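Notes for the structure review
Here are the chains, one letter per residue:
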Amino acid sequence: MTFAQKHVTVAAQFAVEADTVAGKTVLLVEDNASDIELTQRAFAKNNVDAKLVVVEDGQEAIDYLYAQGKYAGRNAADMPVLILLDINLPRLSGLEVLK
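In this report, we go over the structure that sits alongside the text. All chains use their own residue numbering, which begins from 1 and follows the written sequence. Note on the predicted model: pLDDT of at least 70 is required for a residue's local features to be given, and 80 or more for side-chain atom pairs to be given and counted; whole-chain, interface and lining totals, by contrast, use all residues. The basis for every side-chain value is the complete set of non-hydrogen atoms in the structure, without hydrogens or water.

1. With respect to the side chain of Arg74
As a reminder of what qualifies: Labels follow the DSSP assignment, with helices taken as runs of H or I lasting at least four residues and strands as runs of E lasting at least two, numbered in each case from the N terminus. Burial here depends on accessible area, computed with a 1.4 Å probe over protein chains only, as a share of the maximum for the residue type. Under 20% is buried, over 50% is exposed, and the range in between is partly exposed. Charge convention: Lys and Arg are scored as positive, Asp and Glu as negative, and His as well as the terminal groups of each chain are ignored. Whenever Lys or Arg places a side-chain nitrogen within 4 Å of a carboxyl oxygen from Asp or Glu, that contact is recorded as a salt bridge. In protein, a polar contact requires one atom able to donate a hydrogen and another able to accept it; more generally it is a pair of N or O atoms within 3.5 Å, and residues adjacent in sequence count only if both atoms are side-chain atoms. When checking whether two residues touch, look at their non-hydrogen atoms; a contact exists if any pair is within 4.5 Å.
On the secondary structure map, Arg74 appears in the loop between α4 (58-65) and β3 (82-85). Salt bridges are absent for the buried Arg74, whose nearest opposite-charge side chain, Asp78, sits at 4.9 Å. Only 2.7 Å separates the side chain of Arg74 from the backbone oxygen of Tyr64, close enough to count as a polar contact. Setting aside its immediate chain neighbours within four residues, Arg74 contacts Tyr64, Leu65, Ala67 and Met79.

2. Examining the nonpolar core
Short version of the rule: By convention a nonpolar core is built from buried Ala, Val, Leu, Ile, Met, Phe, Trp, Tyr and Cys residues, the set being connected through side-chain atoms within 4.5 Å.
Counting residues in each nonpolar core, the largest one holds 13 residues, and the members touching the most others are Leu27, Val29, Val55, Tyr64, Leu85 and Val97. For this core, the elements supplying multiple residues, two or more each, are β1 (25-29), β2 (51-55) and α4. Counting residues per element, this core draws most heavily on α4, which supplies 4 residues. Those residues in contact with Val97, other than ones at most four positions away along the chain, are Gly58, Ile62, Leu85 and Leu92. One finds Leu28, Ile36, Ala50 and Leu82 within the second-largest nonpolar core, a separate group that totals 9 residues.

3. Let's talk about the pairing of β1
Heads up, the condition is: Whether two strands pair comes down to DSSP finding at least two bridges between them. Crossover handedness is defined by viewing with both strands directed away from the observer: a clockwise path from the first strand over the helix to the second marks the crossover as right-handed.
Across the 5 residues of β1, 5 count as buried, placing the element largely inside the fold. In this sheet, β2 lies alongside β1 in parallel orientation, the contact comprising 5 bridges. Looking at the pairing, Leu28 lines up with Val54 of β2. Each parallel crossover has a hand, and the one from β1 via helix α3 (residues 33-45) to β2 is right-handed. Pairing analysis gives 4 bridges linking β1 to β3, with the strands arranged parallel.

Purely spatial values, then, with no claim about function.
Here's what the structure looks like:
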């Protein structure tokens, strides 16, 4: 199963409990434009009414989560209810993000 297919599977499973994410943030950490588009389409197709935030590398994910850098104005208490994290990312890998 490819990473993009896993995104679709997770989105579909999460859609079953769409009320869980309604109006909440889901963070997608992905550098491949095709996988980003596929995830967005899966959310739309499954009526997942969440705010999908896309960042394209591991460092940007850390910045988003800790509300620093270009995300310094973000409310740090508003954490994503789900993070879809690619492993092979530029700057900082997905495994390094998990540390």
